[in-house]
Amino acid sequence: MNQYLIPANSKRSMLILGLFTPIDLIIVGVGGGITAMLMFIISAGTLKDVITILTPLLISVAMVLPVPNHRNIWQLTANIYNYFSKRRTYYWRGWCFTNGEENKEK
């Protein structure tokens, strides 16, 4: 009898550095790019300017931090966004109609 043992970390091996998906790196890259552009545009003279410049990078890093169940939170956020932003069409097939239409034999 063949019994296979699946390692507990088999899904982590598909991630970059065992933690990140490609979209995570894209998000951090975009945040870093915006921060770099702001560094050239805004001259940081005060603490408020420094916080303004670093805000895109800090937000993007916070979005991809490997906290427990953060993939579930991403999926929940995507589901909520899709629910409120996309057109919803519900198909219902009840016992009294055939494919939503009455009998056409009449």
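Quick caveat: nothing in here was measured; it's all calculated off a predicted structure.

Some thoughts on the overall build of the protein chain
Within the protein chain one finds 3 helices and 0 strands. Reading the secondary structure of the protein chain in the N-to-C direction produces α-α-α. Relative to its 106 residues, the protein chain shows a buried fraction of 12%. On the protein chain, roughly 9,800 Å² of surface is accessible, and the fraction owed to carbon and sulfur atoms is 65%.

Observations concerning the packing of aromatic side chains
Each pair of aromatic rings is reported with the distance of its centres and the angle of its planes. Summed over the entire model, instances satisfying the criterion amount to 1 aromatic pair. Here Tyr83 and Phe84 contribute two aromatic rings whose centre-to-centre distance is 5.1 Å and whose plane-to-plane angle is 85 degrees, an arrangement assigned as edge-to-face. Taking the relative accessible area as the measure of exposure, Tyr83 reaches 43% and is therefore partly exposed.

Section: the packing of helix H1 (residues 22-41) against helix H2 (residues 47-64)
The geometry of H1 relative to H2 is characterised by a closest axis approach of 7 Å and an angle of 175 degrees between their N-to-C directions. By the angle between their directions, the pair H1 and H2 is classed as roughly antiparallel. Side by side, H1 and H2 meet where Asp24, Ile27, Val28, Gly31, Gly32, Ile34, Thr35, Leu38 and Met39 of the first sit next to Thr52, Ile53, Leu54, Pro56, Leu57, Ser60, Met63 and Val64 of the second. For the contact of H1 with H2, a count of residues per class yields 11 nonpolar, 5 polar and 1 charged.

A look at the confidence of the model for the protein chain
The predicted model of the protein chain has a mean per-residue pLDDT of 78, with 68% of residues at 70 or higher. When mean pLDDT is taken per element in the protein chain, H1 scores highest with 91 and helix H3 (residues 70-85) scores lowest with 81.

A word on H2
Compared with the 26 Å implied by 1.5 Å per residue over 18 residues, the 25 Å span of H2 between its first and last C-alpha is a close match. At Leu54, H2 shows its maximal kink, close to 45 degrees; a proline, Pro56, follows between one and four residues later. Among the residues making up H2, those that are buried are Ile53, Pro56, Ser60 and Val64.

Things to note about the environment of Met63
Considering the arrangement of structural elements, one finds Met63 in helix H2. On the basis of relative accessibility, which here comes to 35%, the residue Met63 falls in the partly exposed class. Setting aside residues no more than four positions away along its own chain, Met63 makes contact with Ile27 and Trp74.

About the cut-offs
- Position numbers for residues start from 1 in each chain and track the written sequence from start to end.
- Local features in this predicted model are restricted to residues whose pLDDT is 70 or higher, and side-chain atom pairs enter the listing and the counts only when it is 80 or higher, whereas totals over whole chains, interfaces and linings include all residues.
- Only heavy atoms go into the side-chain values, all of them from the structure, while hydrogens and water stay out.
- Working definition: helices are DSSP H or I runs of at least four residues, strands are E runs of at least two. Numbering for both runs from the N terminus.
- Note on exposure labels: buried denotes an accessible area under 20% of the residue type's maximum, exposed denotes more than 50%, and partly exposed covers the range between, all computed with a 1.4 Å probe on protein chains only.
- Surface accessibility follows the Shrake-Rupley procedure with a 1.4 Å probe radius. Residue values consider only the protein chains on display as shielding.
- Between the rings of Phe, Tyr and Trp (Trp by its six-membered ring), a pair exists once the centres lie within 6.5 Å; its type follows the angle of the planes, with under 30 degrees stacked, over 60 edge-to-face, and the other angles tilted.
- Only the contacting stretch of a helix is used when fitting its axis, a line to C-alpha atoms as for every element, and angles between N-to-C directions run 0 to 180 degrees.
- An angle below 35 degrees is treated as roughly parallel, one above 145 as roughly antiparallel, one from 65 to 115 as roughly perpendicular, and anything else as oblique.
- Contact criterion: two residues are considered in contact whenever any of their non-hydrogen atoms come within 4.5 Å of each other.
- Classification used: nonpolar for Ala, Val, Leu, Ile, Met, Phe, Trp, Tyr, Cys and Pro, charged for Asp, Glu, Lys and Arg, polar for all others including Gly.
- Per residue, pLDDT measures the predictor's confidence, with a range of 0 to 100.
- Multiplying 1.5 Å by the helix residue count minus one yields the expected span of that helix.
- Fitting axes to the seven residues ending at a residue and to the seven starting there, one defines the bend at that residue as the angle between these axes.

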